Amino acid sequence: MKIYLNNTLVILSVLTFSISFAQNIKGVITTNLNIPLEAANIVLKETDSNSFTDSSGKFTIDSKGKFPLTLLVQYVGYKTSEIEITSLPISTLQINLTEVNVLVEVVVSSRRRIEKVQDVPIAISVITGKQAEQSGAFNVNRIKELVPSVQLYSSNPRNTGINIRSLGSPFGLTNDGIDPGVGFYVDGVYYARPAAATLDFIDVEQIEVLRGPQGSLFGKNTTSGAFNITTRKPSFIPDATFEVSYGNYNFLQVKAAVTGALSSKIAGRISFSGTQRDGLIHNVATGKSTNTLNNHGIRGQLLYTPFERTNIILAADITTHRPDGYAQVVAGVAPTQRAAYRQFDAIIADLNYQLPSSNAFDRKIDHDTPWRSGQDMGGISLNIDSKTGNGTLKSITAWRFWNWDPSNDRDYTGLQVLAKSQNPSRQTQISQEVRYASILTSRINGVVGVFFIDQTSKTDGTEESGNAQWRFSQSTTSNLWKTPSLFEGYGIKTTAKIKSSSAAVFGQLDWALTDRLHVLTGLRYNYDKKAADYNRKTYGGLQTNDPALIALKKLVYTEQSFTSNTDNTDFSGNVTVFFKATEKINVYATFAKSYKPVGINVAGLPTLAGQPILELAVIKPEEVNHYEIGVKTAPFKNSIFNFTFFNTDIKDFQTNVQSAELGVNRGYLANADKVTVKGVELDASFVINKHLTINGAATYTDGKYVKFTNAPLPLEETGAAVSFKDVSGTALPGASKWAGSLGGELSDKARFFGNTGKIFFGIDSYARSEFSSSPSASKYLVVQGYALLNARVGFRATDGLSVQFWGRNLFDKEYYEQLLPAGGNSGQYAGVLGDQRTYGITLRYSL
């Protein structure tokens, strides 16, 4: 502890000490009519320095003593201005901005310095906070409709996976023993739980979606991409926004944010988001609707500026979800290769049961076990940012937690097959990242960092049989299966705990060989350690000494326990060549060697002769070779047209297997020998004139198992004489060949209740082709392609009152987001339904 405290004091001392003197540039930003522009953004190009104007339009920014330099001046609704400065100005700069409808030249910080997104040799999509708000994208599930390379699959918050280019998380149910391949960062803090993707955004400034491996720029290694989310920061200039939305199904969403100075050196910001909605599925057994929304989140920040070149932000947040939700509807029945009496239709006929509807889109269920998906997530972070020398030294310290309290009906029927299926979890993490980004010479800049995370996850689960379990589990014609109360109340209690630690050193250099040609090299060293303890005990049911009855009970549930402890190290890296062919064309080529850490099964193992197959306890790390060529262009004024070619080869691909054994609660992990994903991406934005803008994106993805000889059987082959299948050459689950988005907005100046702004009409559309919803392709578990259309119309003001009428899925398209086999693989499978048509109004007021 002493050593840790001493090291912390050293880091903090370095962070709060500046070793060079500032050379400040001062200026005033106004309109062509000499009206001051408050909160305009001034960026020192190719650095991480920026500033904002005050209420008089005045600003001050540190030149870092480097000349010549370029200032970017940005303000929403005005043309971005670039100003070249060769020496320290003697007088205050006077800068006028022109109000026109132009393509916003977005700046990003993904490479740890602020620069135009078109100058970044990374495939990256940027959604500003305002864009997300205007399109109704208040969580990641809706962001995927704007960035078609993103896929999100969620049968509930725990079982959530984010994929980019069809890679990232094993498709299906979540296993705590592996790391996600897509990083999720909020203000630099890594969120280890995939459930974070289900949270409502709180006061977001910008969302950067980086595609491809990102091991040399971010703390946690990621093999397929990252979400880099930044929230709006505290400001010494008072500001407040309030927003309320109301729609059908009693949709109600309220957002608010207030910021301002607390003293000469301290500013604060507090933000709130709350969402409620009635259920979209009717439970005919209870007479109530389910799949409601009930989310609340609050975030508070304090900004302390002890010195001119040092910022310290202390942030805390907590989000609670209390929906009656995530129920799935039986979508169909697949005939299996089991005996006729073991088919789903025969089973329910014997039990005199009938599904409430044979059409899933009637949205009717009769589930007898309540659905509960309660979760709490939150944490505290300390972000210290100090301009030191020619760079910035940054420290990010964070502690986070996630509590999960579920109840599920995994047989998806009104029968008491599984009377209980719940696996409450508790996860905590502590992380520390320190990095330094600097201009080393006139030709070289770079970033170097260290990262550490330690997390613990514990699950105390219960699964219990009901009075219909005997018929679903019946595997012989013996009348002993009908023994009264043999399985009723018979279940398992499971304790699963995993502790994992990861440490890394990473860095990247950008060497300008010429003004147009750059070579970027990145390197990462990683150490990962994981230890798991799994223990499952049976309980209940008929208490008997009859060996035959005991044997039947063991065919349903058996006791199981194992421990596992493993670690591994890895060197990875990347090389990028970036060439600025012309002022309007940038070309880059990247090779990256990446990896996903070793995994451990902590959800039960399949058995052989009644014993767990311990060889499956530890899962090999993924080895990734990634190739990418990208071209970023501006073919004409106010336009962007980018395209990317990529190819990713993965050895020992970590995949999820849904077991037919009930005791394997959430499936188990396995390695596929090799997979490959290749494709093309297009991104385009055009400002046609001062009234009309158009944007679009498209992706073609070909993802296949190159070699996977021991894959699980598809649902329809359950009961076959073999236990595994060779699925080499088949498509990866979750991978649509085609996906795309297209949108636009038509606007004009207007006044509304005395406020100056714009009246607008906008549309957003999203489409994807069919995809497999099973680790091994099943003709019954194929989600058909679908297309969605959303629209909005209203008045938007920078200050004052804005109003927007909106509609989502306007054509009321019926579609599935995911298909899932029921526990035990009796033939029935359920669907995660996409939302039907929704519509409403949003009022927003800015002070």
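Every value quoted in this text rests on a predicted model; they were computed, and no experiment measured them.

### A word on the pairing of strand S22 (residues 293-307)
Okay, so step 1: Strand direction decides the pairing type here: strand S19 (residues 266-277) and S22, joined by 12 bridges, are antiparallel. Within S22, the position partnered with Ser-271 by the bridge is Arg-299.
Okay, so step 2: In the sheet, S22 pairs with strand S23 (residues 310-321) via 11 bridges, with the strands oriented antiparallel. Residue pairing for S23: Ile-298 is matched across the bridge by Ile-318.

### What to know about the nonpolar core
Okay, so step 1: By size, the foremost hydrophobic cluster in this structure holds 30 residues, and its most contacted members are Ile-143, Phe-184, Ile-207 and Phe-227.
Okay, so step 2: When contributions to this core are tallied by element, the ones reaching two or more residues are helix H3 (140-143), strand S11 (150-154), strand S12 (160-164), strand S13 (182-186), strand S15 (204-211), strand S16 (225-231) and strand S27 (391-407).
Okay, so step 3: Those residues in contact with Ile-143 that lie beyond four places of it in its chain are Ile-127, Ala-137, Phe-201, Ile-207 and Phe-227.
Okay, so step 4: Core analysis: the second largest hydrophobic core is formed by 25 residues, Ala-360, Tyr-412, Leu-819 and Val-832 among them.

### A closer look at the pattern of salt bridges
Okay, so step 1: Summed over all chains, the structure comprises 41 salt bridges.
Okay, so step 2: A salt bridge links Asp-62 to Arg-309; the nearest nitrogen and oxygen atoms lie 2.4 Å apart. A residue pair is termed long-range when its members are at least 10 positions apart, and Asp-62 in strand S4 (residues 58-62) and Arg-309 in the loop between S22 and S23 qualify at 247 residues.
Okay, so step 3: For Asp-62, a relative accessible area of 14% puts it in the buried group.
Okay, so step 4: Arg-309 gets classed as buried once you look at its relative accessible area, which sits at 10%.
Okay, so step 5: Across the pair Arg-277 and Asp-835 runs a salt bridge whose closest N-O atoms are separated by 3.5 Å.

### With respect to the packing of aromatic side chains
Okay, so step 1: Inspection of the entire model under this criterion finds 23 aromatic pairs.
Okay, so step 2: Ring centres of Tyr-490 and Tyr-557 lie 5.7 Å apart, and the angle between their planes is 55°; this geometry places the pair in the tilted category. A residue pair is termed long-range when its members are at least 10 positions apart, and Tyr-490 in the loop between helix H5 (469-473) and strand S31 (491-512) and Tyr-557 in the loop between helix H6 (547-556) and strand S33 (560-582) qualify at 67 residues.
Okay, so step 3: In this structure Tyr-490 comes out as buried when scored by relative accessible area, which is 4%.

### What to know about the environment of Ile-229
Okay, so step 1: Inspection of the secondary structure assignment puts Ile-229 in strand S16.
Okay, so step 2: Along the backbone, Ile-229 and Ala-192 are 37 residues apart, and their C-alpha atoms lie at a distance of 14 Å.
Okay, so step 3: Among all residues touching Ile-229, those that are not within four sequence positions of it are Phe-184, Tyr-185, Val-186, Asp-187, Phe-201, Val-204, Gln-206 and Ile-207.

### Description of the side chain of Lys-144
Okay, so step 1: Tracing the backbone shows Lys-144 in the loop between H3 and S11.
Okay, so step 2: With sequence-adjacent residues up to four places away left out, Lys-144 is seen in contact with Val-150, Leu-152, Tyr-766 and Glu-817.

### So, the pairing of strand S18 (residues 251-261)
Okay, so step 1: Across 9 bridges, strand S17 (residues 239-247) lies against S18 in antiparallel orientation. Directly across from Phe-242, in S18, lies its bridge partner Ala-256.
Okay, so step 2: Taking the residues between adjacent antiparallel strands as the criterion, S17 and S18 are bridged by 3 residues, where Tyr-249 takes a positive phi near 55°.
Okay, so step 3: Summarising the sheet, S18 and S19 pair through 10 bridges and their orientation is antiparallel. By the bridge assignment for S19, Thr-259 is matched with Arg-269.
Okay, so step 4: The loop that links S18 with its antiparallel partner S19 comprises 4 residues.

### A word on unusual backbone geometry
Okay, so step 1: Not every positive phi belongs to a glycine, and Asp-203 is a case in point at roughly 55°.
Okay, so step 2: Summarising the element assignment, Asp-203 is placed in the loop between strand S14 (189-190) and S15.
Okay, so step 3: According to the relative accessible area criterion, Asp-203 is buried, its value standing at 12%.
Okay, so step 4: Despite not being glycine, Arg-363 shows a phi value in the positive range, around 55°.

### Notes on the environment of Asp-799
Okay, so step 1: Counting through the fold element by element, Asp-799 comes out in the loop between strand S49 (786-797) and strand S50 (800-808).
Okay, so step 2: Discounting residues that sit within four places of it in the chain, Asp-799 has contacts with Asn-755, Ser-846 and Leu-847.

### Quick notes on the sheet that holds strand S6 (residues 81-85)
Okay, so step 1: Reading across the sheet, the 4 strands line up as S3-S2-S5-S6 and stay open at both edges, with antiparallel pairing between neighbours. Each edge of the open sheet is held by one strand with a lone partner, namely strand S3 (50-52) and S6. Pairwise comparison of adjacent strand axes, ignoring direction, gives a mean angle of 20° for this sheet.
Okay, so step 2: For strand S2 (residues 41-44) and strand S5 (residues 69-74), the ladder comprises 4 bridges, and the chain directions are antiparallel.

### So, the environment of Phe-795
Okay, so step 1: Looking at the secondary structure, you find Phe-795 in strand S49.
Okay, so step 2: Counting along the chain gives 35 residues from Phe-795 to Phe-760, while the straight-line C-alpha distance between them is 6.2 Å.
Okay, so step 3: For Phe-795, the residues in contact, after removing those within four places along its chain, are Ala-750, Arg-751, Phe-752, Asn-755, Thr-756, Gly-757, Lys-758, Ile-759, Phe-760, Leu-801, Ser-802 and Val-803.

### Some words on the side chain of Ser-373
Okay, so step 1: In this structure, Ser-373 sits in strand S26 (residues 372-388).
Okay, so step 2: Taking relative accessible area as the criterion, Ser-373 reaches 1% and is therefore assigned buried.
Okay, so step 3: Ignoring anything within four residues of it in the chain, the contact list for Ser-373 reads Asn-156, Pro-157, His-321, Pro-323, Gly-325, Tyr-326, Trp-404 and Asp-405.

### Remarks on the sheet that holds S15
Okay, so step 1: If you walk across this open sheet you meet the 5 strands as S10-S15-S16-S13-S14, and the pairing is mixed. Whereas interior strands pair on both sides, the edge strands pair on one side only; in this sheet they are strand S10 (123-128) and S14.
Okay, so step 2: In this sheet, S16 lies alongside S15 in antiparallel orientation, the contact comprising 7 bridges. Residue Gln-206 lies in a different strand from S16, and its bridge partner there is Thr-230.

### Section: H6
Okay, so step 1: The complete set of buried residues in H6 reads Leu-549, Leu-552, Lys-553 and Val-556. Taken down its axis, H6 places every buried residue within 100° of arc, on the same side. Along H6, exposed side chains directed more than 90 degrees from the buried face belong to Pro-547, Lys-554 and Leu-555.
Okay, so step 2: In this structure, the buried residues of H6 make contact with strand S30 (444-465) and H5.
Okay, so step 3: Between a side-chain oxygen at the N-terminus of H6 and the backbone nitrogen of Ala-548 the separation is 2.9 Å; the capping residue is Asp-546.

### Some points on the confidence of the model for the protein
Okay, so step 1: In the predicted model, the protein carries a mean pLDDT of 87, and the fraction of residues at 70 or more is 94%.
Okay, so step 2: Here residues 1-22 is modelled with pLDDT under 50, and outside its nearest four sequence neighbours on either side it reaches 25 contacts, counting other chains as well.

Cut-offs applied
- Residues numbered from 1 in each chain as written.
- Predicted model: local features only at pLDDT ≥ 70, side-chain atom pairs only at ≥ 80, totals over all residues.
- Heavy atoms only, no water.
- Pairing = 2+ DSSP bridges.
- Helix = DSSP H or I, 4+ residues; strand = E, 2+ residues; numbered from the N terminus.
- Core = buried A, V, L, I, M, F, W, Y, C linked by side-chain atoms within 4.5 Å.
- Buried < 20%, exposed > 50% of the residue type's maximum accessible area, 1.4 Å probe, protein only.
- Contact = heavy atoms within 4.5 Å.
- Salt bridge = Lys/Arg side-chain N within 4 Å of Asp/Glu carboxyl O.
- Phe/Tyr/Trp six-rings, centres within 6.5 Å; stacked < 30°, edge-to-face > 60°.
- Axes fitted to C-alpha atoms, helices over the stretch in contact; angles between N-to-C directions.
- Arc of directions from axis to C-beta.
- Polar contact = N/O pair within 3.5 Å; in protein donor to acceptor, adjacent residues only side chain to side chain.
- pLDDT = per-residue confidence, 0-100.

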